[in-house]
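Listed below, chain by chain, are the residues.
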Amino acid sequence: MPTLYQALNSWGVHGWPADVLAVVVPCLIVVVVVLTIVGFSTYVERKVAADIQRRIGPNQCNVGPFFGEFARVAVRNGASPNAGFSGRAMAAVCKALLPLLNAADRILSRLAPGVLIFMADGLKLILKEDIIPDATDKPLFRAAPYVVLASAVGALAVLPYSDAWYVADFNIGVFYIAAITSLEVLGILMAGWASNNKWALLGGMRSAAQIVSYEVPVGLALATGILICGTMSMQGMTYDQLGLRPGSTWYSDGWLWQWNIFHPAMFVLAPVYFLAALAECNRTPFDIPEAESELVSGYHIEYSGMRFAIFFMAEYTMMCVTSAIAVTLFLGGWSTGIGLILLMMWIRWTLPRFRVDQMMTLCWKKLIPVGVACFLAVCVWLIVRMVCANRIGEVALERTTFWLRACFAGVVLGWLVWYFRRPLTPAEQAQRELIARPSVPSGAPL
Amino acid sequence: MGVLQHFFEHDNVVCTNVDTLLNLSKENSLWYLLFATACCGIELMQTGASRFDVDRFGMIPRSTPRQADLMIVAGTITHKMASRVKRLYEQMPEPKWVISMGSCANAGGPFCKYSYSVLRGIDKYIPVDVYIPGCPPRPEALIEGVFKLREKIHRETVLRKEG
Ligand code: SF4
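Residues numbered from 1 in each chain as written. Chains lettered and ligands numbered in written order. Predicted model: local features only at pLDDT ≥ 70, side-chain atom pairs only at ≥ 80, totals over all residues. Heavy atoms only, no water.

Peer 1: Got a minute to help me understand the overall build of chain B in this structure?
Peer 2: Within chain B one finds 5 helices and 5 strands. Going from N to C terminus, chain B has its helices and strands arranged as α-β-α-β-β-α-β-α-β-α. Across the 163 residues that make up chain B, the buried fraction comes to 52%. Counting contacts in chain B only where the partners sit at least 6 residues apart, residues at least 24 apart contribute 75% of the total. Just so you have it, chain B exposes about 7,500 Å², and 59% of that area is on carbon and sulfur atoms. (Helix = DSSP H or I, 4+ residues; strand = E, 2+ residues; numbered from the N terminus. Buried < 20%, exposed > 50% of the residue type's maximum accessible area, 1.4 Å probe, protein only. Contact = heavy atoms within 4.5 Å. Areas by Shrake-Rupley, 256 points an atom, 1.4 Å probe, with all protein chains shown as cover.)

So this is what it looks like as structure tokens:
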């Protein structure tokens, strides 16, 4: 991170220590922050699932009495005869703040009941026995989770978090992401093969087939994005969509219609990318590698404890990464893509799983042709644009494309508004009412 | 221990000593094995479904024994099945617990007297932590059993020698 490098220099750290620190510190920060978000998103996923299935979801591990208990213990300790000065001071502060702390407890418990569940899960998984079955290929078996996690975490390095916050800004950022996220398949194959278990092997092979196939539509979407933005750097793509270019005008300056998704080709490619990303993350409806009903639980069937937790984290990190890429590519960048993660969860708990052949048909016969068509269309458009620029001049062309984009964005947004406010058919009305009915309280007599 | 003192007044605690913290993490994420052999299994499924929702207590089903903490033996176990149950139990990583659900798993149930094939109680093969009577036990009974197990886990200690 260049900002950090300058800061280090100004603090009198020069030479190789500054080089090392400027790389290592941001990496650590990003990994820690993202893995915390990952843990939290497992909690969110369980709550989303509960809501969709009309249940309550985890509500036992609350932040609940934490602050209040802390204060009460401090007060009690301060009151004991052998309490020192600091103990008494702490007690006095806690006593004064007690109502506030209690209120914080209540609010946090109300806002996010059961939020500590992911910490309980994590701690428990660390405590579990780490079984490495005798018949496994031991070095591969041990290494596989780390390979999978490394490929997911590696992609975090080039994601743009804001204009100042990023770990690295390569001029081949998109290429790097495409390369490193597909390393995941290596780890999954290693896990499947090393487990020496037929279900694990089948899961691994299916996963390999799936990820390799869906790399193609993802690659096409990325390539089209590169063509439109004219850069492979993730930061550059963001700048391009925010219109922050030298000589930018009011109409090309960070407005909604500068987002790539309002480019007609990218508008078509956005769902293509999203579906392919779902498949790359092995999420339902593409979780064929982990199908419980056929394969018990796929490539991580033999993994217990910490190693399973690492697979689990890798899956959620991958979700964060693909959402972040989607946001950078289509939605203007510098956003965490939480909305897209929620969309993935929503899809997961709504749709059943595809069959293998359906999944392959979707990829090779639908997504890839659409992707290729969009890619070629953009190529042709760029040539047309170049010719036009020679004829009418860069400024006039900029203005024309702005109006074209703005019209397209207007149509899309107008359609969205109409869609959500359209008059409902009687069937839809009935369905709405059915959904709005209060659910049966849990545990009520039948 | 100063501020790190054990307080367990309600069901939620964070100010605690390390042992209790570990126990809390274990009892709040009891992942159970998706395993059922007979009619009790239907009640087990119902317990996981929307109305009774054991996910409230952090319990989710895992399909592989490697990732499960809790085996709920739900249903009739025949002599032929018993060795399989034992193998599944052995495949689970420590620490692990077993709930025997329903009369069949407890003692052979309705088949106790004349059956040639039914095992008279799964505790002949694997150690059982909690027995739940009933034919079948209602989901509430299963949840009560889970609570008993949680109490038991809460008394466990991994860091200190007892006494
Ligand atoms: S205890 Fe009763 S309900 Fe349960 S498996 Fe046996 S016969 Fe079926």
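Peer 1: Just to check I follow, could you spell out the site of the ligand for this structure?
Peer 2: All names here are of chain B. The environment of the ligand is formed by Ala38, Cys39, Cys40, Gly75, Thr76, Gly102, Ser103, Cys104, Pro110, Gly134, Cys135 and Pro136. Counting residues per element, the ones that place at least two in the shell around the ligand are helix 2 (39-48) and helix 4 (102-107). With 3 residues, helix 4 is the largest single contributor of residues to the shell around the ligand. Broken down by class, the residue content of the shell around the ligand amounts to 7 nonpolar, 5 polar and no charged. (Near = heavy atom within 4 Å. Nonpolar A, V, L, I, M, F, W, Y, C, P; charged D, E, K, R; others polar.)

Peer 1: Explanation requested: the nonpolar core in the structure shown.
Peer 2: Inside soluble globular proteins, nonpolar side chains tend to come together where they are buried. All names here are of chain A. In this structure, Tyr214, Tyr273, Ile325 and Phe330 are the most contacted members of the largest nonpolar core, which totals 95 residues. Looking at this core element by element, the count peaks at 16 residues for helix 13 (residues 305-330). Per-domain counts for this core show at least three residues from each of domain 1 (4-127) and domain 2 (138-379). Setting aside residues up to four positions removed in sequence, Tyr214 forms contacts with Ala276, Ala279, Glu280, Phe286, Met359, Leu362, Cys363 and Leu367. (Core = buried A, V, L, I, M, F, W, Y, C linked by side-chain atoms within 4.5 Å. Domains from an automatic or database assignment.)

Peer 1: What is the right way to look at the pairing of strand 3 (residues 70-74) of chain B in this model?
Peer 2: The two faces of a sheet get side chains in turn, since along a regular strand they alternate between them. Residue and element names in this part refer to chain B. Counting buried positions over the 5 residues of strand 3 gives 5, a clear majority of the element. Here strand 3 shows a buried face lined by Leu70, Ile72 and Ala74 and a second buried face lined by Met71 and Val73. After leaving strand 3, the chain enters helix 3 (residues 79-91) and then returns to the sheet as strand 4 (residues 97-101), a path that is right-handed. (Right-handed = clockwise from strand over helix to strand, strands pointing away.)

Peer 1: Can you help me understand the domain arrangement of chain A in this one?
Peer 2: How big an interface is tends to be reported as the loss of accessible area on association of its parts. Residues and elements named next belong to chain A. What the domain assignment reports for chain A is domain 1 (4-127) and domain 2 (138-379). Of the residues lining the interface, 17 residues belong to domain 1; the matching set on domain 2 comes to 20 residues. The junction of domain 1 with domain 2 conceals about 1,800 Å² of combined surface from both sides, 83% of it contributed by carbon and sulfur atoms. On the domain 1 side of the interface with domain 2, the three residues burying the most area are Val38, Glu45 and Leu125, jointly 31% of the side's total. The salt bridge involving Arg348 is made with Glu45; its shortest N-O contact spans 3.8 Å. (Buried area = accessible area lost by both parts, 1.4 Å probe. Salt bridge = Lys/Arg side-chain N within 4 Å of Asp/Glu carboxyl O.)

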